[in-house]
Amino acid sequence: MPDSLHPLLARQLRKLELSAAATPASQAFGLLLAHVSRAYADFDQERYLLDRSQDIASSEMAVLNTALRESQAQLSSLLSLSSDWIWEQDTQGRFTFVSQELEVRSDVKVDALMGQACGVDGPLRVGAEEFLSLRDSVARRRRFYHVNFQVESASGAVQQMSISGEPLFVDGVFAGYRGVGSDVTVAVAAARRIEELARFDGLTGLVNRNMFMEELSRTLVRSERYDRRFALFFIDLDRFKLVNDNLGHLAGDALLKTIGLRLKKLLRDADLLARLGGDEFVVLSEGCCDPGALAKIASRLLSAIREPMDLDGRRIEISASVGIAVYPDNGGDALGLMQAADAAMYQAKGRGKNTFEFFTLELAQRAARHFALEGELRLAADRGQLQLHYQPKVEASTGALIGMEALLRWNHPVRGLLAPGVFVELAEESGLIVPIGRWVLHEACAQMMRWQAEGRAPVRCAVNISVRQIAGDSLLADVQSALRSSGLDPALLEVEVTESMLMADPRQAEVVLDELAALGIHVSIDDFGTGHSSLAYLKKFPVRTLKIDRSFVMDLPGDHENLAIARAVIAMGHSLGMDIVAEGVETNEQYDCLVNLGCDVLQGYLFGRPVAADTMAQWLGDSDGFRRLHARHPWALSGFVDCA
Ligand code: C2E
Ligand code: MG
Ligand code: MG
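Residues numbered from 1 in each chain as written. Chains lettered and ligands numbered in written order. Predicted model: local features only at pLDDT ≥ 70, side-chain atom pairs only at ≥ 80, totals over all residues. Heavy atoms only, no water.

## A look at the overall build of the protein chain
Alright, step 1. For the protein chain, the helix and strand inventory stands at 23 helices and 21 strands.
Alright, step 2. Burial statistics for the protein chain: of 644 residues in total, 42% are counted as buried.
Alright, step 3. When contacts within the protein chain are restricted to residue pairs at least 6 apart in sequence, those whose partners lie at least 24 apart make up 62%.
Alright, step 4. When the accessible surface of the protein chain is totalled, it reaches about 33,700 Å², and 53% of it is carbon and sulfur. (Helix = DSSP H or I, 4+ residues; strand = E, 2+ residues; numbered from the N terminus. Buried < 20%, exposed > 50% of the residue type's maximum accessible area, 1.4 Å probe, protein only. Contact = heavy atoms within 4.5 Å. Areas by Shrake-Rupley, 256 points an atom, 1.4 Å probe, with all protein chains shown as cover.)

So, in structure tokens, the structure goes:
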């Protein structure tokens, strides 16, 4: 019997009430017990070693864990400075880990991502193209950057996330991806808004000019390929400026929005409606292009616009003019078609507004003529083809030549002497009127000084100013420079501004005219009675003279309405301390009548047509001779037709 059995074995023997002494084959049994006891001891030893190694392992693990926690804490604190979160994905692209920063940085829960993979559909949605590129990166085990996916937030709102990742290898075997992610919801929304602003009109939400032109080009390509036609409707509101000026810009904006909505409602989904800017809209319609159908659409557009609307508690009615151009009949490219529709729209405006007009061959020819004329006009000043003619203004009571108006002429090498009616509008449209107007100012001032130098009696000379000059920013400087370089007394210079020009932008006109008046220049309103101005406005302008428009003088004294208008204008002008000039006086009867009504100054063929400078020089030098030209009209107030 061994001396010391393994305690566990000894206990088991005691339980069995066995003792080494009690057994017959005690020696063999003792040997067996000794073996078993040693096996127990060996087992103890192994377990001890195992436990020991486990202890070591777990303490090492604890150290490693602490280190990991520390590094994660460091990473977290770094992440807290950024908008990012970290993640891991398995080999199938499913999120296996997402850091808590996701929940801090966005409204999305970690659970919304865990176990999910990005896909074209499913809870983590990626755009089709982006998905293909992601799949390609993963297949090649390459890094990917800024892959955007959509996911729902806890509240159900769609959020935009962006992830960048690198492949993960364990012992050289691909184990998935890990990387960073960020919430880009705000950035994506901002980018979309920027894109929208670049393509849509902020006020009406309609397509803007840029996008319309792109769409028009695409439609052109399609139409050419499939041999199809389409129509453009160019819509321009009539007198929209008056709404803006009288009711303010907010009301103007509200009006444009309403018109946009009405047009949208009226058109088919397939029609493209855009706002080109200001009060211009355009419709691209790929439907039927026969003139009858197009006319019907245009009339419907016009009546939708004409419906009265409430603006600021006021009932407003506005009309529009519409120009129609058809592809390919009226143009083969985007610009040509737009120009054709625009030209047709202008034609409609010219025909009295609230109407539509088709682009025609005649319009095309006129446009071509305009184009050629514009090119020639550009060179006219440099080639010395511009001239000023001067028309006398006479004092009603004495017949004395007391002033003149400088009127522009173009001595065209082929077409001869052209009146402004042929080219001034073109000069205004093209902006050429600004340099031409500058030339007119310089030439008129210089001519006055040449006459003074020749000893002619100084009289005031009026120069016509265009709306473009009023709207631009060089008029004051141009006038100052003309006065300075000629040395003319500002009191001898007069500017004539038409009434409609003042009403186009009354505030701007007021500023400009105040500046001119401050220089000592005489300001007159031309073509008075045609521009719908109000007395309230008139009082604001530093105006010294009203020129009654020729259309009111024409039928005097027979036309009672014109007579009443002429009488009212004279009374009103005088009450505001202004002089009254009557334009276009051609007959003795008109002359008599106007003198009788109290008109101060007269201008017209009866006293003298616009003449070249040398003729005017003779008249200036011989005032009696000038009066003798009108000897048939004794400058005495006797024998007049009684109009008063
Ligand atoms: P406006 O300023 O009202 O000039 C008067 C126009 O009436 C002139 O036409 C003149 O020749 C014409 N006229 C004068 N008396 C009579 C008459 O008794 N009977 C008839 N039938 N006509 C008469 P014109 O020279 O053809 O000028 C037309 C318009 O062109 C001018 O109208 C003015 O608005 C514009 N214009 C002329 N010169 C210039 C210029 O230098 N710059 C600008 N911006 N416009 C100009
Ligand atoms: Mg004039
Ligand atoms: Mg006039």
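The rest of the description comes next.
## Things to note about the site of ligand 1
Alright, step 1. Near ligand 1, the surroundings consist of 22 residues, among which Glu-405, Asn-464, Asp-526, Glu-586 and Tyr-605 are the closest.
Alright, step 2. Interatomic distance of 2.9 Å between a side-chain N/O atom of Arg-409 and an oxygen atom of ligand 1.
Alright, step 3. Here a nitrogen atom of ligand 1 sits 2.5 Å away from a polar atom, N or O, in the side chain of Glu-586.
Alright, step 4. For ligand 1, whose free accessible area comes to 790 Å², the fraction covered by protein is 83%.
Alright, step 5. Of the residues contributing to the shell around ligand 1, the split by class is nine nonpolar, five polar and eight charged. (Near = heavy atom within 4 Å. Polar contact = N/O pair within 3.5 Å; in protein donor to acceptor, adjacent residues only side chain to side chain. Nonpolar A, V, L, I, M, F, W, Y, C, P; charged D, E, K, R; others polar.)

## With respect to the coordination of the magnesium ion (ligand 2)
Perfect tetrahedral coordination of a metal by four donors corresponds to 109.5 degrees between them, and perfect octahedral coordination by six donors corresponds to 90 or 180 degrees.
Alright, step 1. Distances from the magnesium ion (ligand 2) to its protein donors, Glu-405 (OE), Asn-464 (OD1), Glu-496 (OE) and Asp-526 (OD), fall within 2.1 to 2.2 Å.
Alright, step 2. Here the donor residues of the magnesium ion (ligand 2) are spaced in sequence according to E-x58-N-x31-E-x29-D.
Alright, step 3. In this structure the magnesium ion (ligand 3) is found 4.1 Å away from the magnesium ion (ligand 2), and Asp-526 serves as a bridging donor for the pair. Here Asn-464 lies in strand β16 (residues 460–465) and Glu-405 lies in strand β14 (residues 401–412), a separation of 59 residues in the sequence.
Alright, step 4. Residue classification places Glu-405 among the buried positions, given a relative accessible area of 4%.
Alright, step 5. On the basis of relative accessible area, Asn-464 is assigned to the partly exposed category, the value being 29%. (Donors = N, O, S within 2.8 Å, 3.2 Å for Na, K, Ca; no water.)

## Concerning the nonpolar core
One broad trend across soluble globular proteins is that nonpolar side chains are buried collectively.
Alright, step 1. Counting residues in hydrophobic clusters, the biggest one holds 84 residues, and the most contacted among them are Tyr-390, Met-404, Ile-470, Leu-493, Val-585, Leu-602 and Met-616.
Alright, step 2. For this core, the element with the most residues is helix α13 (residues 433–453), which contributes nine residues.
Alright, step 3. The residues touching Met-616, leaving out its near neighbours within four places in the chain, are Tyr-390, Gln-391, Pro-392, Leu-401, Met-404, Trp-451 and Val-611.
Alright, step 4. By size, the runner-up hydrophobic cluster in this structure holds 32 residues, among which are Phe-240, Val-283, Ile-324 and Val-326. (Core = buried A, V, L, I, M, F, W, Y, C linked by side-chain atoms within 4.5 Å.)

## Quick notes on the side chain of Asp-549
Alright, step 1. Along the chain, Asp-549 turns up in the loop between β19 (545–548) and α19 (550–553).
Alright, step 2. Although Asp-549 lies buried, it forms no salt bridge, and the closest oppositely charged side chain, Arg-550, sits 7.0 Å away as judged by the N-O distance.
Alright, step 3. When neighbours within four sequence positions are excluded, Asp-549 is seen to be in contact with Asp-527, Phe-528, Thr-530 and Glu-583. (Lys, Arg positive; Asp, Glu negative; His and termini not counted. Salt bridge = Lys/Arg side-chain N within 4 Å of Asp/Glu carboxyl O.)

## A closer look at the sheet that holds strand β2 (residues 95–98)
Alright, step 1. Here five strands make up an open sheet; going across it, the order is β2-β1-β5-β4-β3 and the pairing antiparallel. Each having just a single partner strand, β2 and β3 (144–152) make up the two edges of the open sheet. Neighbouring strand axes in the sheet, compared pairwise and without regard to direction, differ in orientation by 30° on average.
Alright, step 2. Here strand β1 (residues 84–89) pairs with strand β5 (residues 173–183) via six bridges, running antiparallel. What sits directly across from Glu-88, in β5, is Arg-178.
Alright, step 3. Against the sheet, helix α4 (residues 128–139) engages β3 and β5, with an angle of about 130° to β3. (Pairing = 2+ DSSP bridges. Axes fitted to C-alpha atoms, helices over the stretch in contact; angles between N-to-C directions.)

## Observations regarding the pattern of salt bridges
Alright, step 1. Taken as a whole and judged by the stated rule, the model has 26 salt bridges.
Alright, step 2. A salt bridge links Arg-140 to Asp-136; its shortest N-O distance comes to 3.0 Å.
Alright, step 3. Assessed through its relative accessible area of 49%, Arg-140 is described here as partly exposed.
Alright, step 4. Asp-136 gets classed as partly exposed once you look at its relative accessible area, which sits at 35%.
Alright, step 5. Close ionic contact of Arg-178 with Glu-166 constitutes a salt bridge, the shortest N to O distance being 3.8 Å. In this pair, Arg-178 sits in strand β5 while Glu-166 sits in strand β4 (residues 158–170), placing the two residues twelve residues apart along the sequence.
Alright, step 6. On the basis of relative accessible area, Glu-166 is assigned to the partly exposed category, the value being 27%.
Alright, step 7. Taken together, the shared-partner salt bridges connect Lys-393, Glu-405, Arg-460, Glu-494, Glu-496, Lys-547 and Glu-583 into one network.

## What about the coordination of the magnesium ion (ligand 3)?
Alright, step 1. Each protein donor to the magnesium ion (ligand 3) is listed here as Asp-526 (OD), Asp-527 (OD), Glu-583 (OE) and Glu-583 (OE); together their distances run 2.0 to 2.5 Å.
Alright, step 2. Read N to C, the donor residues that coordinate the magnesium ion (ligand 3) are spaced as D-D-x55-E.
Alright, step 3. Owing to a relative accessible area of 12%, Glu-583 belongs among the buried residues under this scheme.

## Some points on the sheet that holds strand β7 (residues 272–277)
Alright, step 1. Spatially, five strands are ordered β7-β8-β6-β11-β12 in an open sheet, and the strand pairing comes out mixed. Of all strands in the sheet, those with a lone pairing partner are β7 and β12 (356–358), marking the two edges. Direction aside, the axes of adjacent strands within the sheet are offset by 20° on average.
Alright, step 2. In the packing of helix α9 (residues 291–306) onto the sheet, contacts are made with β6 (230–237), β8 (280–285), β11 (320–327) and β12, and the angle to β6 comes to roughly 25°.

## Things to note about the packing of aromatic side chains
Alright, step 1. The final tally for this structure, using the stated rule, is twelve aromatic pairs.
Alright, step 2. A cation over an aromatic ring shows up here: Arg-609 above the ring of Tyr-605, its NZ or CZ 3.8 Å from the ring centre. (Phe/Tyr/Trp six-rings, centres within 6.5 Å; stacked < 30°, edge-to-face > 60°. Lys NZ or Arg CZ within 6 Å of the ring centre and 35° of its normal.)

## Describing α9
Alright, step 1. Here α9 contains 16 residues, and its C-alpha end-to-end distance of 22 Å stays within 8% of the 22 Å for a straight helix at 1.5 Å per residue.
Alright, step 2. Those residues of α9 lying buried are Leu-294, Ala-295, Ile-297, Ala-298, Leu-301, Leu-302, Ala-304 and Ile-305.
Alright, step 3. In this fold, the buried residues of α9 make contact with β6, α8 (249–266), β8, β11 and β12.
Alright, step 4. Looking at where α9 begins, the residue whose side-chain oxygen comes 3.0 Å from the main-chain nitrogen of Gly-292 is Asp-290. (Expected span 1.5 Å × (residues − 1).)

## A closer look at the packing of α13 against helix α15 (residues 475–486)
Alright, step 1. Direction vectors running N to C along α13 and α15 enclose 25°, while the axes themselves pass 9 Å from each other. The pairing of α13 with α15 is recorded here as roughly parallel in orientation. In the crossing of α13 with α15, the sense of the turn from one axis to the other is right-handed. Note on element contacts: α15 touches α13 through Leu-475, Asp-478, Val-479, Ser-481, Ala-482, Leu-483, Ser-485 and Ser-486, opposite Arg-438, Leu-441, His-442, Cys-445, Ala-446 and Met-449.
Alright, step 2. For the contact of α13 with α15, a count of residues per class yields eight nonpolar, four polar and two charged. (Parallel < 35°, antiparallel > 145°, perpendicular 65-115°, else oblique. Left-handed = near helix turned anticlockwise from the far one by under 90°.)

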